[in-house]
Protein chains: 2
Amino acid sequence: MKTPKIRRDQVIQAALDLLDQEGLDGLTLRKLALALDIQAPSLYWHFSGKQELIDAVADALVMNVVLPQSPDQPWDSRLRQIAAELRQALLQHRDGARVFAGTYVVSDNVLRVSEAMLEAFALAGVDVSCASTYSFSVLYYILGFVMEEQALGPHSAFDVTSRKTAFEELAKRSYPRNWAAQESIFSTDFDARFSTGLELIIAGVKQQASETARKAAPLLNAGKGVAGAARRRPERRG
Amino acid sequence: MKTPKIRRDQVIQAALDLLDQEGLDGLTLRKLALALDIQAPSLYWHFSGKQELIDAVADALVMNVVLPQSPDQPWDSRLRQIAAELRQALLQHRDGARVFAGTYVVSDNVLRVSEAMLEAFALAGVDVSCASTYSFSVLYYILGFVMEEQALGPHSAFDVTSRKTAFEELAKRSYPRNWAAQESIFSTDFDARFSTGLELIIAGVKQQASETARKAAPLLNAGKGVAGAARRRPERRG
DNA sequence: ACCTGAACACCGTTCAAGT
DNA sequence: ACCTGAACACCGTTCAAGT
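Conventions and cut-offs
- Residues numbered from 1 in each chain as written.
- Chains lettered and ligands numbered in written order.
- Predicted model: local features only at pLDDT ≥ 70, side-chain atom pairs only at ≥ 80, totals over all residues.
- Heavy atoms only, no water.
- Helix = DSSP H or I, 4+ residues; strand = E, 2+ residues; numbered from the N terminus.
- Buried < 20%, exposed > 50% of the residue type's maximum accessible area, 1.4 Å probe, protein only.
- Contact = heavy atoms within 4.5 Å.
- Core = buried A, V, L, I, M, F, W, Y, C linked by side-chain atoms within 4.5 Å.
- Buried area = accessible area lost by both parts, 1.4 Å probe.
- Salt bridge = Lys/Arg side-chain N within 4 Å of Asp/Glu carboxyl O.
- Polar contact = N/O pair within 3.5 Å; in protein donor to acceptor, adjacent residues only side chain to side chain.
- Phe/Tyr/Trp six-rings, centres within 6.5 Å; stacked < 30°, edge-to-face > 60°.
- Lys NZ or Arg CZ within 6 Å of the ring centre and 35° of its normal.

A. Spotlight on the environment of E52(B). All names here are of chain B. Positionally, E52 belongs in helix α4 (residues 50-61). E52 sits in the partly exposed class, given a relative accessible area of 31%. Taking C-alpha positions, E52 is 9.4 Å from T103, a pair spaced 51 residues apart along the chain. Excluding residues within four positions of it along the chain, E52 makes contact with R8, H46 and F47.

In structure tokens, the structure reads:
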């Protein structure tokens, strides 16, 4: 045929629409084909299978993240912005985090986000090896957080109320600290919670970076009574 | 009938076996029934549906985690142990992390782990509100990490090699920091990587806790020239 | 109380065939 | 080059019926 009925990007857009309407479990090749006014097997011309389609959708989710490369902000400010953008991008579509978490896409969009994170960590003074691990940590945090945020959201797959009562019964009886933390655990102020967890990571980077720097230049500080060294307990590992 | 053919825990055990053999995608009610020598609909007598079955499997995964309550170890040592136990438990069965991440079970086994984490953070001096957020952060990290560890493991669902070459092409051309970090990104020394990320969180807790303590007792430190305060840049938020 | 048989309403995927 | 029609081999779930 001279004029193809659909193009690849049209399929992806339709998939995003369908995702918003039906959720990930409702994102079906048959329904997708129906929305595009074609037959299900036709999709195999554009994608090798459902997984490749999902991968493309996941890639599309982070299409607009970190587009204008951060200016000369400090590294922690950069990281906060990247994290916020990534979270917002995942929140933009129903089950966004679940979609992204299930894929390990290697694409421009994904690597651009990764690159921005690595850059931020480099500015913080952490070496490449740690930086990559830290990037994954941040990514895991965001994905886990938004997955829960969306699981408890308007399209929740399970009965939140019944789960809460189950928690109350168990916690009240046997788990005092869970009981005491109940309010924070079921807090729906996701912005605040997201920030708290992210600041934890940022604080960790700050300390790890300063420790690394101290070890890298021992002659500068040796015997000078470095600030904070006195009240630091001896480390015990393993 | 007087003698039931199967009990609930036998179903769960069979499900774990099937999970190891076939993975999460192969964990099917029909196959499970076949392994138990019953018909698929019979499972609905013991479970309300597949999700409840998966929830029970997820619960079983962490059955033996944090059983002997930690002795008088310092909080960071406790956290390291909990994290290591949790990771090992998830690694014990194929797709363990994926199974657990998909569920939000409220059970004794899950709350016991949560309780141990909250306890560790309390010992570190963080308040309950932060402690719950931190617990989730740690959990997200572990789940994300092990999911990737298992995704790249012996039963990998995708072709790792082809993904690596795709990464190389992209990174070499346009993403220098990813290119430089390639070795660490594809490192299979998961023990070391897991530790690095966990220490990041622990370092964060240490700093956040010390900052909170400082703010909680400002009269003690006011005007005394607190160590490190001089070279700390003014904070800028939001 | 516990299990079966048959059926329903779906899936993803393959493949020869159309245009 | 792009799409269809028909079919295959599965799914989770329901439900009346058996014992």
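B. Region of interest: the nonpolar core. With 147 residues, the main nonpolar core has L32(A), I142(A), V205(A), L32(B), I142(B) and V205(B) as its most contacted residues. Among the elements that take part in this core, helix α8 (residues 128-151) of chain B stands out by supplying eleven residues, more than any other. In this structure L32(A) touches V11(A), A14(A), A15(A), L18(A), L43(A) and L53(A), once residues within four positions along its chain are discounted.

C. Seen up close, the interface of chain A and chain B. Across the boundary between the two partners, chain A contributes 62 residues, which contact 64 residues of chain B. Interface of chain A and chain B: buried area, both sides summed, is about 5,600 Å²; carbon and sulfur atoms make up 63% of it. Contact with chain B buries surface across chain A, with Y104(A), Y140(A) and L200(A) losing the most and accounting together for 14% of the total. Applying the counting rule to chain A against chain B returns two salt bridges. With a closest N to O distance of 4.0 Å, R177(B) and E119(A) form a salt bridge. Applying the counting rule to chain A against chain B returns 16 residue pairs in polar contact (both at pLDDT 80 or more). For the side of chain A that touches chain B, the element with the most residues is helix α8 (residues 128-151) of chain A, which contributes 15 residues.

D. Structural detail: the packing of aromatic side chains. Tallied over the entire structure, the rule returns 18 aromatic pairs over all chains. Pairing F121(B) with Y134(B) gives two aromatic rings, centres 5.7 Å apart and planes at 70 degrees, and the pair type is edge-to-face. With F121(B) in helix α7 (residues 108-124) and Y134(B) in helix α8, this pair connects stretches of sequence that are 13 residues apart. The same class applies to F121(B) and to Y134(B), which are both buried. Ring pairing ties together the aromatic residues F136(A), Y140(A), Y141(B), F145(B), F190(B) and F194(B), which thus form one cluster. The aromatic ring of F194(A) is capped on one face by R87(A), whose charged end is 4.9 Å from the ring centroid.

Remember that the coordinates give geometry; whether it matters functionally is a separate question.
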